[in-house]
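Spelled out from the first residue to the last, the chains are:
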Protein chains: 2
Amino acid sequence: MSMSDTFHLKIAEFLITQINNGTYACGDRLPSENELCAQFQTNHHVVRLAISRLINMGWVATYQGKGSFVKSRPEAFPYSLSAKTGFSSNLKGRPLAHRGQLMQWEKRHPMPHEARYLDLEMHEYVYDLRIKRFINEQPMSLSTTVIRAHDVPDLPDFLADFQSLYKILSEHYQIRPIRTKSIVQAIMPTLKDTDLLHLPENVPLVKIESFARHPSGHPFEYNVSKIRSDMCRYVIDF
Amino acid sequence: MSMSDTFHLKIAEFLITQINNGTYACGDRLPSENELCAQFQTNHHVVRLAISRLINMGWVATYQGKGSFVKSRPEAFPYSLSAKTGFSSNLKGRPLAHRGQLMQWEKRHPMPHEARYLDLEMHEYVYDLRIKRFINEQPMSLSTTVIRAHDVPDLPDFLADFQSLYKILSEHYQIRPIRTKSIVQAIMPTLKDTDLLHLPENVPLVKIESFARHPSGHPFEYNVSKIRSDMCRYVIDF
DNA sequence: AAGTGGTCTAGACCACGTG
DNA sequence: ACGTGGTCTAGACCACTTG
């Protein structure tokens with residue numbers, strides 16, 4: 001190994017080692033920035049660089065006025081996905097309060113890439129649903145679902161008491177979409193994501209683009225989800 | 001929207017907007033830090049905070065002595081995965097130079113979590129293979145594969161001219177493992193990851209833990225891969 | 001030599017919570 | 001009031017490339 005030449009990275013590595021050692025356990029407070037400055041004979045700025053690495057790597061969270069605390073890794077909630085299921089249906093029977101909230105929706109023309117996948121002309125219509133999902137009332141993911149409008153006539157009638165899109169599709173349209181593929185990426189949150197998910201730190205998110213087809217065969221749904229993977233396990237079943 | 005109160009984030013947002021505008025196209029150089037300092041009437045440090053956000057979000061890459069350049073997003077290479085395939089087999093027939101390199105291997109006792117999944121006692125043995133994968137000679141992923149030793153007797157004999165684990169399994173043992181589930185996370189690279197993948201920046205990685213069983217039914221393989229998702233598309237087929 | 005990004009020092013001031 | 005983290009200023013010095 002040939003790295004870790006800068007001071008702030010050495011400090012970060014040292015602290016990570018101590019956390020792994022057990023010198024600091026989950027929930028413990030790290031020494032204050034001033035104490036670390038004294039300990040390493042350096043200044044605010046360098047110490048903060050080290051700590052921001054710990055934050056980015058998910059080891060600690062900081063709270064203004066309080067300190068930096070070793071994150072408890074809550075043996076992440078499973079958040080399952082497979083060819084035949086949406087999000088909500090997977091957590092049934094688990095002792096986790098799962099909730100999907102419809103933030104907004106609109107009927108609109110498809111974007112070019114949506115039209116391409118959904119096999120639509122640009123003048124046709126799609127429904128665009130923005131859903132925020134919570135586990136134990138903690139915001140966990142943001143998703144955008146785009147479906148062909150003529151597959152779900154009168155959809156707005158069923159959005160009033162929204163619980164789950166797959167529930168609506170199943171109960172009112174007898175449609176159970178079939179996921180064909182997903183594309184996975186790791187991304188940093190935009191400011192809007194940070195805001196909506198109440199991300200206190202600089203956590204990378206899992207972005208999953210999913211494509212699903214109608215049981216009768218034609219393309220049906222295009223979905224983009226951004227998920228906090230530090231707080232939940234995103235499980236894919238084959 | 002209610003965010004973006006700090007100066008460096010405003011600068012970052014401004015630059016991102018300009019990139020989206022087309023003011024700066026892929027490959028273009030951004031104004032130098034000094035120029036940005038002048039433009040925004042601020043100093044080195046704040047400008048660098050803004051730029052590090054652009055780096056983290058994957059918009060730009062910086063080169064010492066040269067400048068900051070808008071990243072060309074190379075319409076990422078597809079890197080496919082499904083129940084029945086490993087990595088290598090998916091890229092056949094594509095005009096991409098894909099290569100897997102066996103970095104090291106060892107025969108050892110399983111770790112507790114490995115023993116649990118692989119249904120082994122702690123005194124039994126596993127093979128541990130560390131593989132680095134390249135696309136067009138650019139390092140793309142690091143993976144650790146752990147398999148039960150008694151399923152693959154004399155495995156070391158076949159490691160000399162390593163090309164693909166699934167090829168060895170198929171040709172010498174007539175085994176085609178079946179992936180049962182994967183767990184996806186977004187993580188920041190460790191220093192070692194940064195080093196091995198030659199990551200010039202602070203890019204989040206996709207971490208995928210996969211579990212596969214032997215065709216006869218018993219657990220067979222446990223794999224952890226860390227993948228650059230800024231340079232490739234990780235596609236999951238259902 | 002001059003310009004670029006990269007690291008570090010030193011200090012001011014603010015926002016937040018009570019060690 | 002004091003200590004905590006958060007932001008910003010100002011400047012030094014280094015490493016790298018040739019704008």
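Here the residue numbers are simple positions, counted from 1 along each chain's written sequence. Whichever chain is written first becomes A and whichever ligand is written first becomes 1, with later ones labelled in order. Under the rules for a predicted model, residues below a pLDDT of 70 receive no local features and side-chain atom pairs below 80 are neither given nor counted, while totals for whole chains, interfaces and linings still include all residues. Side-chain calculation: all heavy atoms of the structure are included, whereas hydrogens and water are not.

Chemist: Explanation requested: the interface of chain A and chain B in the structure shown.
Modeler: Interfaces are often described in size by the accessible area the parts lose on coming together. The partner chain B presents 40 residues to the 40 residues of chain A that form the contact. Approximately 3500 Å² of surface area, both sides summed, lies buried where chain A meets chain B, with 66% of it carried by carbon and sulfur atoms. Accessible surface is computed with a 1.4 Å probe, and the buried area is the amount of it that two parts give up when combined, taken over both parts together. Area buried by chain A at its contact with chain B is led by Met188(A), Leu191(A) and Phe238(A), which between them contribute 22% of it. Think of a salt bridge as a Lys or Arg side-chain nitrogen and an Asp or Glu carboxyl oxygen that are within 4 Å of each other. At the boundary of chain A and chain B, one finds two salt bridges. Glu209(B) serves as the salt-bridge partner of Arg233(A), at 3.7 Å between the closest nitrogen and oxygen. Counting from the N terminus, the helices are the DSSP runs of H or I reaching at least four residues and the strands are the DSSP runs of E reaching at least two. Where the side of chain A that touches chain B is concerned, the elements lending two or more residues are α1 (7-21), α3 (44-56), β7 (178-187), α6 (191-196), β8 (205-213) and β10 (232-237) of chain A. Charged residues are taken to be Asp, Glu, Lys and Arg, nonpolar residues to be Ala, Val, Leu, Ile, Met, Phe, Trp, Tyr, Cys and Pro, and polar residues to be all remaining types, Gly included. Here the side of chain A that touches chain B is built from residues that sort into 20 nonpolar, eleven polar and nine charged. When DSSP finds at least two bridges between two strands, those strands are taken to pair. One ladder, built from four bridges, connects β7(A) with strand β10 (residues 232-237) of chain B; its direction is antiparallel. Looking across to β10(B), one finds that Ile183(A) is bridged to Val235(B). Whether two residues touch is decided by their heavy atoms; if any such pair falls within 4.5 Å, the residues are in contact.

Chemist: How should the packing of aromatic side chains be read in this particular structure?
Modeler: Aromatic ring pairs are described here by two measures, namely the spacing of the ring centres and the angle between the planes. Residues and elements named next belong to chain A. Any pair of Phe, Tyr and Trp rings, taking the six-membered ring for Trp, is counted once the centres come within 6.5 Å. Such a pair is stacked with planes under 30 degrees apart, edge-to-face with planes over 60 apart, and tilted for the rest. A full pass over the atoms with the stated rule returns twelve aromatic pairs over all chains. Measuring from centroid to centroid gives 5.6 Å for phenylalanine 14 and phenylalanine 40, while their planes differ by 80°, and the two rings are edge-to-face. Of this pair, phenylalanine 14 sits in helix α1 while phenylalanine 40 sits in helix α2 (residues 33-40), placing them 26 residues apart in sequence. Seen in terms of ring centroids, phenylalanine 211 and tyrosine 222 are 5.4 Å apart; in terms of plane orientation they differ by 45°. Their pairing is tilted. Highlighted residues: phenylalanine 211 in strand β8 and tyrosine 222 in strand β9 (residues 219-228), separated in sequence by eleven residues. Judged by its relative accessible area of 8%, tyrosine 222 falls in the buried class. A connected cluster of aromatic rings, assembled from ring pairs, spans Tyr117, Phe211 and Tyr222. A ring is scored as having a charge over it whenever the NZ atom of a lysine or the CZ atom of an arginine sits within 6 Å of its centre and within 35 degrees of its normal. For lysine 181, the ring lying beneath its charged end belongs to phenylalanine 211, and the centroid distance is 5.3 Å. Relative accessibility decides the category of a residue: with a 1.4 Å probe and only protein chains considered, values under 20% of the type maximum give buried, values over 50% give exposed, and everything between is partly exposed.

Chemist: Sorry if this is basic, but what is going on with α2(A) here?
Modeler: Structurally, the α-helix is built with 3.6 residues per turn, so residues lying three or four positions apart point the same way. Residues and elements named next belong to chain A. Among the residues of α2, Glu33, Leu36, Cys37 and Phe40 are the ones counted as buried. Taken down its axis, α2 places every buried residue within 105° of arc, on the same side. In the core, the buried residues of α2 are packed alongside α1 and α3. Glutamine 41, located one to two residues past α2, shows a positive phi value of around 55°. For this quantity, the arc is that covered by the directions from the helix axis to the C-beta atoms.

Chemist: What is the right way to read the protein's contact with DNA strand D from this model?
Modeler: In these notes, residues near a molecule or strand are those with any non-hydrogen atom within 4 Å of it. The environment of DNA strand D is formed by 23 residues, the closest being Glu33(A), Arg48(A), Phe7(B), Thr42(B) and Gly65(B). Counted by atom, the contact set of DNA strand D within 4 Å of the protein is 61% sugar and phosphate. Between DNA strand D and the protein, one listed contact pairs a phosphate oxygen with a side-chain N or O atom of Asn34(A) at 3.5 Å. If you list the elements that add at least two residues to the surface near DNA strand D, you get α2, α3, β1 (60-63) and β2 (67-70) of chain A together with α1 (7-21) and α3 (44-56) of chain B. With three residues, the top contributor of residues to the surface near DNA strand D is α3(B). A class-by-class count of the residues in the surface near DNA strand D yields three nonpolar, 16 polar and four charged. As used in this structure description, the phrase polar contact means that two N or O atoms lie within 3.5 Å; if the pair is within protein, one of them must be able to donate a hydrogen and the other to accept it, and residues adjacent in sequence are counted only when both atoms belong to side chains.

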